[in-house]
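# Fold and contact review
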Amino acid sequence: MAMVFTTKGEMDESLLEKKEGVVDTDNEHTTWVEYWHNGEMVHRSAHVTLKKALVLSAAAAKIG
Amino acid sequence: MANTQAMCTSFLQELMQGLQNFTTSTGNSFKAALYEATATYNASTTAYAVTNEVSGTNYTAGGVAVTNGTSPQSTNASATAGVAYWTPSASITYTNVTLTTAFDAVLIYNNTNSNRAVSVHTFGSQTITAGTFTLTMPTNNTTSALLRLSTT
């Protein structure tokens, strides 16, 4: 039995309603999972993978 | 009012001043703090601040340490161009937190050296309830690394 950390303490996953989602953009790939118990959200986690790097452009000026 | 993904302008100056050192072991230590979606962290951010930082169960002000297991690297693409790059060597993880106010940005900053700002990275707005928030880093190479300094 998988246990889930919730606002009510550790709960058996089988007692909970599970909702999952994915967001994929140029900037990120995100997955999230929610667990609900009797209409109340008792757990939400999210996992964001950053895609877009920040780039600094550098230059050396010509002398003369 | 919004956070904007950017390399902090003060960071560029501080690289020239030798105030930001990403060398593994002998360099500075870096941390990652989360900010509410209503905040305005961007290229003009110069240092970590508590203003609009998230708060909640199991989240400590200032955020968490950034794992730096790989020093910056560089490679030449030609006689006149090249890339230097760096990426944290592990995901940034906030474990068993409850963050009920929506947040959409993380500030990487130098907590060895006056909490000087490095960069702001944004993502879709999130809340966390008795859960874990993980930021997985891009591949550490010349095209994808989190921070890249490039000449062309």
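## Comments concerning the overall build of chain B
Assigned secondary structure in chain B consists of one helix and eight strands. Traced from its N-terminal end to its C-terminal end, chain B shows the element sequence β-α-β-β-β-β-β-β-β. Relative to the globule expectation of 15 Å for 152 residues, the C-alpha radius of gyration of chain B, 16 Å, shows essentially globular dimensions. Reported as C-alpha extents along the three principal axes, the dimensions of chain B are approximately 50 × 30 × 25 Å. Going through the 152 residues of chain B one by one, you find that 40% of them count as buried. Taking the intrachain contacts of chain B between residues at least 6 apart in sequence as the baseline, contacts between residues at least 24 apart amount to 74%.

## Here we look at the pairing of strand β8 (residues 147-151) of chain B
In this sheet, β8(B) lies alongside strand β6 (residues 54-57) of chain A in parallel orientation, the contact comprising four bridges. Paired with A:Ser57 across the two strands is B:Ser150, which belongs to β8(B). Strand direction decides the pairing type here: strand β5 (residues 82-86) of chain B and β8(B), joined by five bridges, are antiparallel. Residue B:Gly82 lies in a different strand from β8(B), and its bridge partner there is B:Thr151.

## Some details on the nonpolar core
In this structure, B:Ala33, B:Tyr35, B:Ala105, B:Val106, B:Leu107, B:Ile108 and B:Tyr109 are the most contacted members of the largest nonpolar core, which totals 45 residues. Contributions of two or more residues to this core are made by β5 (40-50) of chain A together with β2 (30-36), β5, β6 (92-110) and β7 (116-136) of chain B. Looking at which element gives the most residues to this core, the answer is β6(B), with 10 residues. Contacts of B:Val106, omitting those with residues within four sequence positions, involve B:Ala32, B:Ala33, B:Leu34, B:Ile92, B:His121 and B:Leu135.

## Some words on the interface of chain A and chain B
If you look at the interface, chain A gives 25 residues, while chain B gives 30 residues. When residues of the side of chain A that touches chain B are assigned to their parent elements, the largest contribution, 10 residues, is made by β5(A).

## Examining the sheet that holds strand β4 (residues 73-76) of chain B
Taking strand neighbours across the sheet as the criterion, the four strands line up as β6(A)-β8(B)-β5(B)-β4(B) in an open arrangement whose pairing is mixed. This sheet does not close on itself; its edge strands, each paired only once, are β6 of chain A together with β4 of chain B. The mean inter-strand angle of the sheet, taken between neighbouring strand axes irrespective of direction, is 20 degrees.

How each quantity is defined
- Residues numbered from 1 in each chain as written.
- Chains lettered and ligands numbered in written order.
- Predicted model: local features only at pLDDT ≥ 70, side-chain atom pairs only at ≥ 80, totals over all residues.
- Helix = DSSP H or I, 4+ residues; strand = E, 2+ residues; numbered from the N terminus.
- Rg over C-alpha atoms; globule rule 2.2 N^0.38 Å.
- Buried ≥ 20, exposed ≤ 12 C-beta atoms within 10 Å, placed from the backbone.
- Contact = placed C-beta atoms within 7 Å.
- Pairing = 2+ DSSP bridges.
- Core = buried A, V, L, I, M, F, W, Y, C linked by C-beta atoms within 7 Å.
- Axes fitted to C-alpha atoms, helices over the stretch in contact; angles between N-to-C directions.

Just distances and angles here, no functional claims.
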